[in-house]
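Given next are the chains, with one letter for each unit.
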Amino acid sequence: MAVESIAKTLGTGSGVDVTALVTGLVEASFANKNKALATKSDTLTAQISKIGELKSTISDFASALAALTAGGTLSTQPTSARSDVLTVTRLAGADLTGLNASVEVRQLAQGQVASTNAFAGGKDSVIGTGTLTLTFGSATVAGNAMTDFAAGPAAPIAITIDSAHSTLDGVARAINAANAGVTASIMTDSSGARLVVKGASGASQAFELTGTGDLAQLDIGRTATASQVNSIAQDALLALDGVETRSPTNSVYGLIEGVRIDLVSAAVGTRVAIGAKAPTSEINQMVTNFIETYNQVYTLVKAATNAVDGPLRGDPAAKDLLRQLKGMTLATLLPDAASDTPKSLADIGVATQRDGSLSVDTARLATVLTSFPKNVEAIFAQGAGLTKALSAIAGKATNKDTGLGVSQANYEKAQIKVADEKEDVLAATEKLRSRMTQQFAAMDAKVAAYKSTQSFLEQQIKAWNGGD
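Basis of the calculations
- Residues numbered from 1 in each chain as written.
- Predicted model: local features only at pLDDT ≥ 70, side-chain atom pairs only at ≥ 80, totals over all residues.
- Heavy atoms only, no water.
- Helix = DSSP H or I, 4+ residues; strand = E, 2+ residues; numbered from the N terminus.
- Buried < 20%, exposed > 50% of the residue type's maximum accessible area, 1.4 Å probe, protein only.
- Contact = heavy atoms within 4.5 Å.
- Areas by Shrake-Rupley, 256 points an atom, 1.4 Å probe, with all protein chains shown as cover.
- Pairing = 2+ DSSP bridges.
- Axes fitted to C-alpha atoms, helices over the stretch in contact; angles between N-to-C directions.
- Core = buried A, V, L, I, M, F, W, Y, C linked by side-chain atoms within 4.5 Å.
- Expected span 1.5 Å × (residues − 1).
- Parallel < 35°, antiparallel > 145°, perpendicular 65-115°, else oblique.
- Nonpolar A, V, L, I, M, F, W, Y, C, P; charged D, E, K, R; others polar.
- Patch = residues over 30% accessible without salt bridge, like charges linked within 9 Å, V, L, I, M, F, W, Y side chains within 5 Å.
- Salt bridge = Lys/Arg side-chain N within 4 Å of Asp/Glu carboxyl O.
- Polar contact = N/O pair within 3.5 Å; in protein donor to acceptor, adjacent residues only side chain to side chain.
- Phe/Tyr/Trp six-rings, centres within 6.5 Å; stacked < 30°, edge-to-face > 60°.

## Considerations on the overall build of the protein
Of regular secondary structure, the protein possesses 9 helices and 18 strands. Counting only residues that meet the buried cut, the protein has 38% of its 468 residues in that class. For the protein, restricting intrachain contacts to residue pairs at least 6 apart in sequence, the fraction spanning at least 24 positions comes to 71%. Surface summary for the protein: the accessible area is close to 24,400 Å², and the carbon and sulfur share equals 53%.

Here it is in structure tokens:
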């Protein structure tokens, strides 16, 4: 406020616009410094922004490639000639080249399903309290009656039925809460409500359920008279190339290495052919997509490091990223491959153009896919080959200790330093403004005094002259 008050009084003696004069002199004194700091700040802002863009772009590129190769579609897939009988799925890491087999599904696996007689009172029928004992093993069933049962090695499971679960519905909820290996539900029709208990698939998962006291009316097993077995527990029976085997579930692992077989229906006497389909179209599309994305990334990095106007033209990490991208086509992606087989992108027809972008020789790629399918699949395998190489480039580029992360940290520190310098200049500006204002105020006061003396003298002279 003091400075402003002084400024408002300036010029009264000299007639000069001192405020404008001081402002002009102060701005001129710091013009070059402010311009240099502004330019430096803009440059650092552009560099920080471009570093962030490059880090995000290369990371997204590597992540997208990893996601595509993890999907398994770029590997040879198993095929089933009868998907209504069985389906096949490739397991991660499996090499199914040349797969040729046949499977006959003779019987599906299923779990035991048993139900009690109907209770006229419905699901709210009071049964009683006590303990239900569940025992797993192997059973023989004739009609709907269990005629024999051999307990398995597992200990029987006790399920407590308290007063809060004494109804038919409460018993079902108590059985499910026990997580004992069976599920219970209530089926209601015109006759009333029944307790239905279902076990897991497999011949060894048959079960007996016996209750104490009033719970005995829910018994399932050899001595039960108020329940029936509606579905028997059995294994799946299937034959691989004529050799029979069994499985406790309808999802079969290990019968064919690297393949999961899901049984859909039994077809005794029908041999379903299982083969392999090479991912020719998928890999062709993958190569096209990779090249398109690579070219976009390369163009971005190349522009950022352009020697004339690139914001990162002097950045060593950005230049190293460009160098690594340029070397991708010749990089060895399959170090263990035989010397006379494809092991790089260049070997499968991907070439670097004069401007640094990539293109593909589709005819060469088709030939290599036919002659060396395993090598091509290995190049695009999950976590290996091209995915591993690009992930390494992205990891190095974004590393906080050696890559673009270091550059970003340095630029951010420099930006903070520029901000501090701006604050210093601002403080110096205000200090100079205050000092010059005070100096001109003193000068103006002296001018005013001189003018006052001059006026007095002029009046005296006029008075003297008038006296004559």
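Don't stop here, the text continues.
## What about the sheet that holds strand β3 (residues 101–107)?
Read across the open sheet, the 5 strands follow the order β1-β16-β3-β12-β13; overall the sheet is antiparallel. Looking at the sheet topology across the chains shown, the edges are occupied by β1 (77–80) and β13 (243–247). Strand-to-strand twist in this sheet, taken as the mean axis angle between neighbours without regard to direction, amounts to 30°. Pairing geometry for β3 and strand β16 (residues 272–277), over 3 bridges, is antiparallel. For A101, the partnering residue across the bridge sits in β16 and is I274.

## Thoughts on the nonpolar core
The biggest cluster of nonpolar side chains holds 45 residues, and the ones touching the most others in it are I58, F290, L325, I348, F380 and L386. Taken together, the elements giving at least two residues each to this core come down to α2 (18–70), α4 (280–304), α5 (316–326), α6 (362–371), α7 (373–379), α8 (385–397) and α9 (404–467). Counting residues in each nonpolar core, the second largest holds 24 residues, with F119, I161, I175 and A184 among its members.

## A closer look at α4
For α4, spanning 25 residues, the distance from its first C-alpha to its last is 36 Å, which sits close to the expected 36 Å at 1.5 Å a residue. Buried residues of α4: I283, M286, V287, F290, I291, Y294, N295, V297, Y298, L300, V301 and A304, and no others.

## Digging into the packing of α5 against α8
Where α5 contacts α8, the two axes come as close as 10 Å, and the packing angle between them is 175°. Between α5 and α8, the angle falls in the class roughly antiparallel. Residue-level contacts link D320, L321, R323 and Q324 of α5 to I393, K396 and A397 of α8. Looking at the contact of α5 with α8, its residues break down into 3 nonpolar, 1 polar and 3 charged.

## Side note on the sheet that holds strand β11 (residues 227–231)
Strand order in the open sheet made by the 4 strands is β8-β9-β4-β11, with antiparallel pairing throughout. What marks the edges here is a single partner per strand, and that holds for β8 (182–189) and β11. For this sheet the average axis-to-axis angle between neighbouring strands, irrespective of direction, equals 25°. The pairing of strand β4 (residues 111–116) with strand β9 (residues 192–201) spans 4 bridges and is classified as antiparallel.

## With respect to the environment of A158
Note on placement: A158 falls in strand β7 (residues 157–161). Excluding anything up to four places from it in sequence, A158 contacts T131 and L132.

## Structural notes on a nonpolar patch on the surface
On the surface, L457, I461 and W464 cluster together to form a nonpolar patch covering roughly 340 Å² of accessible area. Relative to the assigned elements, I461 resides in helix α9. For I461, a relative accessible area of 42% gives the class partly exposed.

## Looking at the side chain of D235
Looking at the element boundaries, D235 is found in the loop between β11 and β12 (236–240). Judged by its relative accessible area of 11%, D235 is buried. Within polar-contact distance, the side chain of D235 engages the backbone nitrogen of A203 at 2.8 Å. D235 has contacts with Q107, L108, A109, G202, A203, R246, S247 and P248, leaving out every residue within four places of it along the chain.

## Quick word on the packing of aromatic side chains
Tallied over the full model, the rule gives 3 aromatic pairs. A ring pair is formed by Y294 and Y298, whose centres lie 6.0 Å apart and whose planes are at 10°; its orientation type is stacked. Of the two residues, Y294 and Y298 both sit in helix α4, 4 residues apart, roughly one turn of that helix. Since its relative accessible area comes to 4%, Y298 is described here as buried. Taken together, the aromatic side chains of F61, F290, Y294 and Y298 make up a single cluster linked through ring pairs.

## So, unusual backbone geometry
For residues other than glycine, phi is negative in most cases, and the peptide bonds are mostly trans. The phi dihedral of N179 is positive, around 50°, even though this residue is not glycine. Structurally, N179 can be placed in the loop between α3 (168–177) and β8. Located in the positive-phi region is D241, a residue other than glycine, with phi close to 50°. Examined against the element boundaries, D241 turns out to sit in the loop between β12 and β13. Of the residues examined, D241 reaches a relative accessible area of 45% and is grouped as partly exposed.

## Looking at the environment of D124
By the element assignment, D124 lies in the loop between β4 and β5 (130–142). Sequence separation between D124 and S166 is 42 residues, and the spatial gap between their C-alpha atoms is 9.0 Å.

## Concerning the pattern of salt bridges
Where side chains of opposite charge bring their charged atoms close, a pairing between them can arise. A full pass over the atoms with the stated rule returns 13 salt bridges. Note that R222 is salt-bridged to E208, the shortest N-O span being 2.8 Å. Taken together, the positions of R222 in the loop between β10 (206–211) and β11 and E208 in strand β10 put the pair 14 residues apart, joining distant regions of the chain. Look at R222 and you get partly exposed, because its relative accessible area is 43%. For E208, a relative accessible area of 10% gives the class buried. Residue R260 pairs with D262 through a salt bridge whose shortest N-O separation is 2.9 Å. For R260, a relative accessible area of 25% puts it in the partly exposed group.

## Regarding α5
Those residues of α5 that fall on the buried side of the exposure criterion are A317, A318, D320, L321, L322, Q324 and L325. Of the residues flanking the start of α5, the one acting as N-cap is D315, its side-chain oxygen 3.0 Å from the backbone nitrogen of A317.

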